[in-house]
Amino acid sequence: MTAATDAAQARWFRDQNRRAGGIRLFCLPPAGAGASTFRGWPELIGPGIQVTAIQLPGREDRIREPAYDRLDGLLDELVPVLAGALDGPYALFGHSMGALIAYEAARRLVAQGAPAPVHLFASAHGAPHAPYRRSYVSSLPDPEFKRAMRSLNGIPKAAVQETAFLSLLLPTLRADFQLCETYEYVDGAPLPCRLTALVGADDDVSPMDLALWRELNTGPFRIRVIDGDVTFVTKHRRQVAEVVRAGLAGEF
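As a starting point, this report considers the structure included with it. (Residues numbered from 1 in each chain as written. Predicted model: local features only at pLDDT ≥ 70, side-chain atom pairs only at ≥ 80, totals over all residues. Heavy atoms only, no water.)

Here we look at the overall build of the chain
1) Next: Broken down by element type, the chain carries ten helices and seven strands.
2) Next: Relative to the globule expectation of 18 Å for 252 residues, the C-alpha radius of gyration of the chain, 17 Å, shows essentially globular dimensions.
3) Next: Overall, the C-alpha framework of the chain stretches about 50 × 45 × 35 Å when taken along its three principal axes.
4) Next: Here the chain holds 252 residues, and the buried ones make up 52% of them.
5) Next: Considering only intrachain contacts with a sequence separation of at least 6, the fraction spanning at least 24 residues in the chain is 80%.
6) Next: Charge separation in the chain, taken as the distance between the mean sites of 27 positive and 28 negative side-chain charges, equals 4 Å. (Helix = DSSP H or I, 4+ residues; strand = E, 2+ residues; numbered from the N terminus. Rg over C-alpha atoms; globule rule 2.2 N^0.38 Å. Buried < 20%, exposed > 50% of the residue type's maximum accessible area, 1.4 Å probe, protein only. Contact = heavy atoms within 4.5 Å. Lys, Arg positive; Asp, Glu negative; His and termini not counted. Charge placed at Lys NZ, Arg CZ, Asp CG, Glu CD.)

A few points about the packing of helix α1 (residues 3–12) against helix α3 (residues 71–83)
1) Next: Viewed as axis vectors pointing N to C, α1 and α3 meet at an angle of 120°, and their least axial separation amounts to 9 Å. For the pair α1 and α3, the crossing hand works out as left-handed. Contacts from Ala-8, Gln-9, Arg-11 and Trp-12 in α1 reach Leu-74, Glu-77, Leu-78 and Val-81 in α3. (Axes fitted to C-alpha atoms, helices over the stretch in contact; angles between N-to-C directions. Left-handed = near helix turned anticlockwise from the far one by under 90°.)

So, the sheet that holds strand β4 (residues 90–95)
1) Next: Here seven strands make up an open sheet; going across it, the order is β1-β3-β2-β4-β5-β6-β7 and the pairing mixed. Strand pairing shows two members of the sheet lacking a second neighbour, β1 (13–15) and β7 (221–226), which therefore form its edges. For this sheet the average axis-to-axis angle between neighbouring strands, irrespective of direction, equals 20°.
2) Next: For strand β2 (residues 23–28) and strand β3 (residues 49–54), the ladder comprises five bridges, and the chain directions are parallel. The residue of β3 that forms the bridge with Arg-24 is Gln-50.
3) Next: Taken strand by strand, helix α10 (residues 237–248) contacts β2, β3, β4, β5 (119–123), β6 (194–200) and β7, and its axis lies near 165° from that of β7. (Pairing = 2+ DSSP bridges.)

Side note on the pattern of salt bridges
1) Next: A complete count under the given rule lists 15 salt bridges for this structure.
2) Next: Arg-11 is paired through a salt bridge with Glu-77; the nearest N and O atoms lie 2.6 Å apart. Taken together, the residues span a long stretch of sequence, with Arg-11 in helix α1 and Glu-77 in helix α3 at a distance of 66 residues.
3) Next: Taking relative accessible area as the criterion, Arg-11 reaches 34% and is therefore assigned partly exposed.
4) Next: For Glu-77, a relative accessible area of 23% translates into the label partly exposed.
5) Next: Taking the shortest distance from any N to any O, the salt bridge between Asp-69 and Arg-70 comes out at 3.9 Å.
6) Next: Residue class for Asp-69 comes out partly exposed when judged on its relative accessible area of 31%. (Salt bridge = Lys/Arg side-chain N within 4 Å of Asp/Glu carboxyl O.)

Thoughts on the nonpolar core
For soluble globular proteins, nonpolar side chains are generally found buried alongside one another.
1) Next: If you look at the biggest cluster of nonpolar residues, it comprises 53 residues, and the most contacted ones within it are Phe-26, Ile-54, Ile-101, Leu-120 and Trp-213.
2) Next: Looking at this core, the elements that each hand over two or more residues are β2, α3, β4, α4 (97–111), β5, α5 (142–150), α7 (163–182) and β6.
3) Next: Considering every element that reaches this core, the biggest residue donor is α4, with nine residues. (Core = buried A, V, L, I, M, F, W, Y, C linked by side-chain atoms within 4.5 Å.)

Quick word on α5
1) Next: By the burial criterion, the buried members of α5 are Phe-145, Lys-146, Ala-148 and Met-149. Seen along its axis, α5 keeps its buried residues to an arc of 160°; they face one direction. (Arc of directions from axis to C-beta.)

What to know about the packing of aromatic side chains
1) Next: The full count for this structure, using the stated rule, is nine aromatic pairs.
2) Next: Between Phe-13 and Phe-26 the ring centres are 5.5 Å apart and the planes differ by 45°, which places this aromatic pair in the tilted class. Of this pair, Phe-13 sits in strand β1 while Phe-26 sits in strand β2, and the two are 13 residues apart along the sequence. Comparing Phe-13 with Phe-26, the two get one shared label, buried.
3) Next: Considering the side-chain rings of Phe-38 and Trp-41, the 5.0 Å spacing of their centres and the 90° angle between planes classify their relative orientation as edge-to-face. As far as the burial class goes, Phe-38 and Trp-41 line up, both buried.
4) Next: Chaining the aromatic ring pairs together yields one cluster made of Phe-38, Trp-41, Phe-93 and Phe-121.
5) Next: Its guanidinium or amino end placed over the ring of Trp-12, Arg-62 lies 4.5 Å from that ring's centre, counting from NZ or CZ.
6) Next: Here the guanidinium or amino end of Arg-174 rests over the ring plane of Phe-145, the centre of that ring lying 4.4 Å away. (Phe/Tyr/Trp six-rings, centres within 6.5 Å; stacked < 30°, edge-to-face > 60°. Lys NZ or Arg CZ within 6 Å of the ring centre and 35° of its normal.)

In short, shape yes, function no, at least from these values alone.
Structure follows, in structure tokens:
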């Protein structure tokens, strides 16, 4: 591994439990959140899984870097870093915006000749080829955009309750929402892997949009319902971890 590869991985990866062997699980956070979303996952999922949280620009210890407002630009930088880390079986978990990033990263990796993931976990997000059903907010003026952020579940509470923190995170939130709002699905081959779609029992993801994930893979597919709303990835993380553990063990 070169010094440049080491440096790139150090920017993007936050290894929760660095170990050799087993499946490496790359985890992508939702809009406005960072790698700390997945803190404590190794203990919850159990041995044999190396949890690597992806730290996107514009949050936590990368807060001073501009966040990407287009998915292609993000993938141009992230996918080569992921490809350079694939020394064995791997899986991808993405929550909300992270599910979209994880799916398209997997597609790009496979298209470039990398092995397919053994499992894709798409959490709190309808299938990418389903219509975008949320309000378009990224171009709103700051006062209206802040009100929109305060009305949404899933945005870190500290960010929306503290005016100074919200102002600091505002460019990242705006970029994250612009990334999702400008995304356009391009038809392609389904992923040759297992796929689990997770949804909160009180989330607003359309059941039809969730079921459409089935068209995007050729391996086994399942839907798992977790307690709570879109914040279930942190509030009910033990349930989420059990779904991930079982999925990686092939226990459908």
